[in-house]
Each structure stands twice: as C-alpha cells, then as structure tokens.
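Descriptive analysis of the structure
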Amino acid sequence: MRKPGSWWGRKSTPAKVETYTRWSFHFFAVIEVVTVGLPLVGAMTPWFAAPLLALVTVHAGTCAVTASRVLDWTRGRRERPVHMLWTLGAVTAVVAVTAIGVSERGPGGDDAQTAAGSVFGVILIFGAGVVAMGVPERRRVYGVVTGFAAGAGVVALPLGLPAPAALVTTLVVLLGAGFVAFSSAFSVWLLNAVYELDEARETRARLAVAEERLRFGRDLHDVMGRNLAVISLKSELAVQLARRGRPEAEEQMIEVQRIAQESQREVREVVRGYREADLGVELGGAQGVLAAAGIECTVSGEAAGLPLDVQSALGWVVREATTNVLRHGDAKRCTVAVRRTEDGVVLTVENDGAAGPSGPGGSGLAGLRERLAAVDGTLEAGTVREGVFRLVAQVPMVTEVAS
C-alpha cells in the first residue's frame, strides 16, 4: 500500500515545479470566486446575485482551463490554444459589462454597487493576466494589458460611471493586470528554466558516458589497429609462401599466432584498465560532481591501504551511484561513507532523492554485483524510509590491510 504523499516524492524537481505552477493558477480561480463572487449573495437580491455569481464561476473556470492549456503549449505538448484565449477574452468582456451594468443601473444600495464594481475590476485583471500567458511576444503582452485597461474605461463611461471614477478604474485594472501578467509570465519562464536545467544535467551525464566510450574505443583502436594490420600482411605472405612450397610459410604462421596471442593480452589489459576505478579518485569526483549539481555531498572514510581490486570494485559502486543520483533522483543531500570492520570494508551511499541504479533485474545493480562478486563482495540496495535510498556494498578483507 502506498504511503500518503508518496506520489509527490516520486516526482522529479521539474514535475514538482510544474504541478505547483498549475495549482497556483487553479487557486487564482478559487480566489476570484471567493473574493468577488460570494460577497454578491449578501450585497444584492438573489435575482441579481445568483446569475452574476454563476458568471463569475464560469469565468474562473475558463481562466483555470486556459492557464492549464497554455502551460501545455509552453512545454510543447500541444498547439497554442488560440480559440481558448479568444473564448476567455469574450467571457471576460461579457462578465465585465454585466457587472458594470448591474453596478450603475441595477437595483440595490451602495453595497450592491461596490460588490458589482469589484467583480468588474477583478474579472478584467485576472482575464488579462491569463490571456497574457498565451502571448509569445513581450510587446504584445503590453498591448493586452493596455487594451484591457483601456476597455475598462471605454465600457464604464457610457454605462454611467463618472469620468474620475472611470479613470481610477482604468489605472487599477492597468496596474492589477500588469502585475498578474508579469507573475504569470515569470512563472512560465521559471518552469521552462527548471526543465532546461534538468535536461542540461542529463546531457552532461550522457556526455560523460560518451566520452568514456570514446576513450575506450581509441584505446582499442590503438592496440588492435597495428596488430591486425601486421597479422593481415603476414597471413598474406604465408599464403604466398605456402603456394610456392616454401618452408618459411610455417615460420610466418607461427609469427601470426604469436601476434594474435599478444593482441589478446593487450586487449585484456585495456579492458582491465577500463573496468578498474580508483576509490579515492571516485570519492573526490563524486563530491565535486554532486556539489556542482547543487546536491550537498558528505564523504567520510578513506580508501588508502585497501587492495587495488577492492578499490576498483567499490570505486565502480560510487561511480554508478553518483550517476544515478544525477540522472534519476531529486536529491538535496547525499552521504558516502567508507567504514572498515573486522571482517572487511563497508561502503554506504545514501541520498534523499530515492534514486538508485536500475531495479533488481536491471543492468545497474547487476553490473555492480558482478564486479563485487569478483572480490567476494555483496550489494544491498533499496528504500530505507520515505524518499531515502540506501546502497550498501560489503567486501571481505582476505588479506591484511596495510596500516
């Protein structure tokens, strides 16, 4: 059974920011209904309050849906919701004209006029702010905000609002709509920036893997290129000598065999060097890379004195764990500890982003267990508590560790 709130803990940082942004715009709709919709019930007769409250609710819902679709558009998941933006603009105009009409010409006292006037201003402010989200150019954003503000004055004057009050209303809508539009645009920019940073982090990890593969490929090319060329030439020479019945053909084939055996030895050395990792270097590298990614990393213990094969196996554990924290986790802190016991050495890597190598059947854990098995080591990995992943590698010390 999943624990409450676990769905949030499984989200990446960009997904959390996106969820927060979406619900912020949905909360704006709730604010609109609560602040200017509900007060209508006590300020005027039900015959006018109910329809106007319904219009406010429809406008708030339209704002929420439009904001959600605009966010999808900014993330490249759908086309720009032009029709929805025009719909929101039309709904805003209808509700605003109705509200100012009720305020200036409808029945009721000062309370009714104030409540309806508040609906007029707030509807225009939130409508302009949400519409501005779907405008791609900053200059057009200014035009949207200015247009809504000017429209407030143009509509208010013919319906009986005094000129000074119409001017004040225009300024209030201009400032309020400008603030909401700026907040909306900043939220969208921040969301895109978080996604870009996350993509850059993944790209950096992929480039590191690609660079290591290129290095391995270059080493293999240097070792095998020359030897294969020599084997090809000597084999061709042996064929020619054999066709002529020359005894030197046997000597050439013996030389080919020697070169082939030498090539096998050199390839094993390259692979062994590729698979070996210095634990001290990996500990320092993990701390530097995680710190550069904004993850607080604490390293304790020393690798000095451990056998080379043990250092190599544990170094790969540190390297794999660090890579997975960067790629898949949402960690803020990571601790790496090397502890020596009477039976051997224990390496513990723990992070609060619930990130680890692939699952039990995945290549990450399988590869680490393969390397640890070469030194009779064991590996345990899993979530120890909500949002915390721990990886523990134990290697017995067959030989005495130098002091």
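As shown above, the structure is provided for reference.
This is a predicted model, so every value here is computed, not measured.

**Quick word on the overall build of the protein chain**
Across its full length, the protein chain carries 12 helices and 5 strands. The buried share among the 403 residues of the protein chain stands at 40%. Put simply, of all contacts in the protein chain between residues at least 6 apart along the chain, 70% involve residues at least 24 apart. Of the roughly 22400 Å² of accessible surface on the protein chain, 61% is carried by carbon and sulfur atoms.

**Things to note about the sheet that holds strand β2 (residues 333-340)**
With respect to topology, 5 strands assemble into an open sheet ordered β1-β2-β3-β5-β4, the strand pairing being mixed. Strands with a single pairing partner mark the edges of an open sheet, and in this sheet they are β1 (296-300) and β4 (378-385). When the angles between neighbouring strand axes are averaged without regard to direction, this sheet yields 10°. Pairing between β4 and strand β5 (residues 388-396): 7 bridges, direction antiparallel. From the neighbouring strand, Thr378 faces β5, where its bridge partner is Gln394.

**Side note on the nonpolar core**
Ranked by size, the top nonpolar core spans 49 residues in total, and within it Leu40, Met44, Val119, Phe120, Leu124 and Met133 carry the most contacts. Mapped by element, the contributors of at least two residues to this core are α2 (13-37), α3 (39-43), α4 (46-74), α5 (82-105), α6 (110-133), α7 (138-156) and α8 (163-243). Excluding its chain neighbours within four sequence positions, the residues that come into contact with Phe120 are Ala96, Ala99, Ile100, Ala152 and Thr169. Formed by 33 residues, the second largest nonpolar core is a distinct cluster that contains Leu283, Ala313, Leu347 and Phe389.

**Structural notes on the environment of Val310**
Here Val310 shows up in helix α11 (residues 308-328). Once the C-alpha coordinates of Val310 and Leu372 are considered, the two residues, 62 residues apart in sequence, prove to be 8.2 Å apart.

**What about unusual backbone geometry?**
Phi angles above zero are rare outside glycine, and Asp376 is one such case at about 60°. Within the secondary structure, Asp376 is located in the loop between α12 (363-373) and β4.

**Topic: α6**
If you check α6, its first and last C-alpha atoms are 35 Å apart, about what 24 residues at 1.5 Å a residue would give, namely 34 Å. With 18 of 24 residues buried, α6 is to be regarded as a mostly interior element.

**Some remarks on the packing of aromatic side chains**
The full count for this structure, using the stated rule, is 4 aromatic pairs. Taken together, the aromatic side chains of Phe25, Phe28 and Phe126 make up a single cluster linked through ring pairs. Note that Arg319 overlies the ring of Trp316, its terminal NZ or CZ placed 4.4 Å from the centroid.

**Overview of the environment of Arg390**
On the secondary structure map, Arg390 appears in strand β5. The class of Arg390 is partly exposed, set by a relative accessible area of 30%. Between the alpha carbons of Arg390 and Glu350 there is a distance of 4.3 Å; along the sequence they are 40 residues apart. Discounting chain neighbours no more than four positions away, the residues touching Arg390 are Thr348, Val349, Glu350, Glu380, Ala381, Gly382, Val384 and Arg385.

**Brief notes about the side chain of Thr66**
Relative to the helices and strands, Thr66 resides in helix α4. When residues no more than four places from it in sequence are discounted, the contact partners of Thr66 are Met84, Leu85, Leu88 and Val130.

**Details of the pairing of strand β3 (residues 344-351)**
Judged by how many residues are buried, β3 sits mostly within the fold: 7 of 8 residues are covered. In this structure, β2 lies alongside β3, joined through 7 bridges in antiparallel fashion. Bridged to Arg340 within β3 is Val345. Connecting β2 to the next strand, β3, in antiparallel fashion are 3 residues. Looking at chain direction, β3 and β5 are connected through 8 bridges and run antiparallel. Residue Asn351 lies in a different strand from β5, and its bridge partner there is Phe389.

Thresholds applied
- Residues numbered from 1 in each chain as written.
- Predicted model: local features only at pLDDT ≥ 70, side-chain atom pairs only at ≥ 80, totals over all residues.
- Heavy atoms only, no water.
- Helix = DSSP H or I, 4+ residues; strand = E, 2+ residues; numbered from the N terminus.
- Buried < 20%, exposed > 50% of the residue type's maximum accessible area, 1.4 Å probe, protein only.
- Contact = heavy atoms within 4.5 Å.
- Areas by Shrake-Rupley, 256 points an atom, 1.4 Å probe, with all protein chains shown as cover.
- Pairing = 2+ DSSP bridges.
- Axes fitted to C-alpha atoms, helices over the stretch in contact; angles between N-to-C directions.
- Core = buried A, V, L, I, M, F, W, Y, C linked by side-chain atoms within 4.5 Å.
- Expected span 1.5 Å × (residues − 1).
- Phe/Tyr/Trp six-rings, centres within 6.5 Å; stacked < 30°, edge-to-face > 60°.
- Lys NZ or Arg CZ within 6 Å of the ring centre and 35° of its normal.

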